[in-house]
Amino acid sequence: MKGKRILVTGGSGFLGSHLCERLLAEGHEVICVDNFYTGRKANIAHLIQKPYFEVLRHDICFPLYVEVDEIYNLACPASPIHYQFDPVQTTKVSVHGSINMLGLAKRVKAKVFLASTSEVYGDPVVHPQPESYWGNVNPIGLRSCYDEGKRCAETLFFDYHRQHLLKIKVARIFNTYGPRMHPDDGRVVSNFIVQALRGEDITVYGDGSQTRSFCYVDDMVDAFVRLMNTSDNVTGPVNLGNPYEFSILELAEKVVRLTGSGSKISFKPLPSDDPKQRQPDITLAKDTLGWNPEITLDEGLKQTVEYFKQLLHGMR
């Protein structure tokens, strides 16, 4: 076995499980750490019997002692329903969790990756958002536990890099979708697909003109690995996402068409601090990683619809 020993926190989550799968396929030894707050064992059940895969039930708000070469820190609830349910814990996992993973990386001299978020830009007044934009975040709003938690995590990563010469990689992740999304996470893609498959009204907040850019999970995981494999002078932050922008109403119409559903679209008031626009400037990712998302929204949605069909059938 010539691969690396790699720790993935949040490894049973949506993105984490796909990353674990990719790293194992590349011949690495993978330790998946998760407290299963939002992660699901079903996401990694097919990996359990693999000889180089290990699962630890652990909350990274508490120190962890393992010997590894690389750390991907993905642990944090990432959908508004989940991170607002226990906002104090959300901030703690971003701050205490980052401190613990940075401390581990410092001790074992590991390279460490932070899954940050486009939410650090808040409700942006610059469009599309480049990494140089400092953001427009409400520090006391309902979403701030996540937005400001991740902003603080970035601060910690860069301070450890400057103070302790730690090898860091910071990714700002824009909307990502695909199989293994949680059916009740409140995210727009999973919401729309589940509602359509159940024949329920599709809930669109506001008038549906607000925009998002949707990146398929396989493209995103490829970007993670490319960023981790860059030279040590590449720290990020790097925007990772699909630059093609769609309105929420366009997404709802695509989902209705792809599912063949008879669902009607229902409009409701826009939640507070909900960004009106979200589109990444991925010039840096293209130039530094040689990365560009390849999977179209229609193609990715077909895969995601198929996953949710099977999931909902199994829940009957």
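Scroll up for the structure.
Within each chain, residues carry numbers counting from 1 in the order of the written sequence. Reporting in this predicted model follows two pLDDT cut-offs: at least 70 for local features of residues, and 80 or more for side-chain atom pairs to be given and counted; totals over whole chains, interfaces and linings ignore these cut-offs and use all residues. The side-chain values count all of the structure's non-hydrogen atoms but skip hydrogen atoms and water molecules.

Runs of E in the DSSP output that reach at least two residues are strands. Runs of H or I that reach at least four are helices, and both are numbered from the N terminus. Counting its secondary structure elements, the protein chain contains nine helices and 13 strands. Computation of the radius of gyration draws on C-alpha atoms alone. For the globule rule, the value is 2.2 Å times the number of residues to the power 0.38. Here the C-alpha atoms of the protein chain give a radius of gyration of 19 Å, agreeing with the 20 Å that 2.2 N^0.38 yields for 316 residues. If you line up the protein chain on its principal axes, its C-alpha atoms span 55 × 45 × 40 Å. Note on classification: 1.4 Å probe, protein chains only; a residue is buried when its accessible area is under 20% of the maximum for its type, exposed when over 50%, partly exposed between these limits. Scored against the burial criterion, the 316 residues of the protein chain give a buried share of 56%. Here, residues are in contact when the closest pair of their heavy atoms is within 4.5 Å. For the protein chain, long-range pairs separated by at least 24 residues make up 81% of all intrachain contacts whose partners lie at least 6 apart in sequence. Of the roughly 14000 Å² that the protein chain leaves accessible, carbon and sulfur atoms contribute 52%. Asp and Glu are treated as the negative residues and Lys and Arg as the positive ones, with His and the ends of the chain left uncounted. The atoms used to mark charge sites are NZ of Lys, CZ of Arg, CG of Asp and CD of Glu. When the 35 positive and 37 negative side-chain charges of the protein chain are each reduced to one mean point, those points stand 4 Å apart. For every accessible area listed, the method is Shrake-Rupley and the probe measures 1.4 Å; residues are considered covered only by the protein chains on display.

Attention now moves to helix α5 (residues 188-197). Counting buried positions along α5 gives eight out of 10 residues, so the element sits mostly inside the fold. Taken together, the buried positions of α5 are Val188, Val189, Ser190, Phe192, Ile193, Val194, Gln195 and Ala196. Summarising the contacts, the buried residues of α5 are in contact with β7 (176-177), β8 (202-205), α7 (248-259) and α9 (297-314). Downstream of α5 by one or two residues, Gly199 has phi in the positive range, about 75°.

Moving on, we get to helix α3 (residues 87-108). By this rule the span expected of a helix is its residue count minus one, scaled by 1.5 Å. Over its 22 residues, α3 runs 31 Å from end to end, which matches the ideal 32 Å to within 8%, given 1.5 Å per residue. A residue's bend is given by the angle between axes fitted to the 7 residues ending at it and the 7 residues starting at it. Roughly 30° is the biggest bend found in α3, and it falls at Val93. Buried residues of α3: Thr90, Val93, Ser94, Val95, Gly97, Ser98, Asn100, Met101, Leu102, Leu104, Ala105 and Val108, and no others. For α3, the secondary structure elements touched by its buried residues are β1 (5-9), β4 (70-73), α2 (80-85), β5 (111-117) and α4 (144-164). Looking one or two places after α3, you find Lys109, whose phi comes out positive at around 60°.

This part is about the sheet that holds strand β6 (residues 168-173). DSSP calls a pair of strands paired once it identifies at least 2 bridges connecting them. One open sheet holds the seven strands; their spatial order is β3-β2-β1-β4-β5-β6-β11, and the pairing between them is parallel. Among the strands making up the open sheet, the edge pair consists of β3 (53-57) and β11 (238-240). Across the sheet, the axes of successive neighbouring strands diverge by a mean angle of 20°, strand direction being ignored. One ladder, built from six bridges, connects β5 with β6; its direction is parallel. By the bridge assignment for β6, Ala115 is matched with Ala171. The axes used here are C-alpha line fits, helices contributing only the stretch in contact, and every angle between their N-to-C directions lies in the interval 0 to 180 degrees.

Time to look at the nonpolar core. Each nonpolar core is a collection of buried residues, namely Ala, Val, Leu, Ile, Met, Phe, Trp, Tyr and Cys, held together in the definition by side-chain atoms within 4.5 Å. Within the largest apolar cluster, 61 residues are counted, with the highest numbers of intra-cluster contacts made by Tyr72, Phe224 and Leu240. The contacts of Tyr72, once residues within four sequence positions are left out, are Ile6, Leu7, Val8, Thr9, Leu19, Leu23, Phe113, Phe224, Val225 and Met228. The next biggest cluster of nonpolar side chains, apart from the first, holds 32 residues, and it includes Ile71, Leu102, Leu156 and Leu166.

For the rest of this paragraph, the subject is the packing of α3 against α4. Running from N to C, α3 and α4 cross one another at 15°; their axes reach a closest spacing of 8 Å. Compared by their axis directions, α3 and α4 come out roughly parallel. Read as a crossing pair, α3 and α4 show a hand that is right-handed. In this structure, α3 contributes Pro87, Thr90, Thr91, Ser94, Val95, Ser98, Ile99, Leu102, Gly103 and Lys106 to the contact, and α4 contributes Cys145, Tyr146, Gly149, Lys150, Cys152, Ala153, Leu156, Phe157, Tyr160 and His164. Angle categories are assigned with fixed cut-offs, so that under 35 degrees is roughly parallel, over 145 is roughly antiparallel, 65 to 115 is roughly perpendicular, and the rest are oblique. Crossing handedness: left-handed means the near helix sits turned counterclockwise from the far one by under a right angle, and right-handed means the same turn made clockwise.

In summary, the pairing rule links any two rings of Phe, Tyr or Trp, Trp by its six-membered ring, whose centres are within 6.5 Å, and it sorts them by plane angle into stacked for under 30 degrees, edge-to-face for over 60 and tilted for everything else. Applying the stated criterion across every chain, the model contains six aromatic pairs. Arranged with centres 5.9 Å apart and planes meeting at 15°, the rings of Tyr121 and Tyr133 form a pair that is stacked. A residue pair is termed long-range when its members are at least 10 positions apart, and Tyr121 in the loop between β5 and α4 and Tyr133 in the loop between β5 and α4 qualify at 12 residues. As far as the burial class goes, Tyr121 and Tyr133 line up, both buried. Ring centres of Tyr307 and Phe308 lie 5.2 Å apart, and the angle between their planes is 70°; this geometry places the pair in the edge-to-face category. With relative accessibility at 18%, the residue Tyr307 sits in the buried group. On the accessibility criterion, Phe308 (0% relative accessible area) is buried. An aromatic cluster of at least three residues, connected via ring pairs, comprises Tyr72, Phe113 and Phe224.

Turning our eyes to something else, we now look at empty space enclosed by the protein. For cavity detection a 1 Å grid was placed over the protein atoms alone, and a set of points counts as a cavity when a 1.4 Å probe fits there but cannot get out; an open set counts as a pocket when protein lies on both sides within 12 Å along at least five of seven lines, with lining residues being those that have an atom within 4 Å of a point. Grid points are joined across faces, edges and corners, and a volume is the space filled by probe spheres set on the points. Under the criterion given, the structure shown has one cavity of 30 Å³ or more. If you add up the space inside the largest cavity, you get close to 40 Å³. Looking at the largest cavity, the residues that line it are Asn73, Leu74, Ala75, Val93, Ser94, Ser98, Leu114, Lys150 and Ala153. At three residues, the largest contribution of residues to the lining of the largest cavity is made by α3. Amino acids are sorted into nonpolar (Ala, Val, Leu, Ile, Met, Phe, Trp, Tyr, Cys and Pro), charged (Asp, Glu, Lys and Arg) and polar (every other residue, Gly among them). Within the lining of the largest cavity, the residues separate by chemical class into five nonpolar, three polar and one charged.

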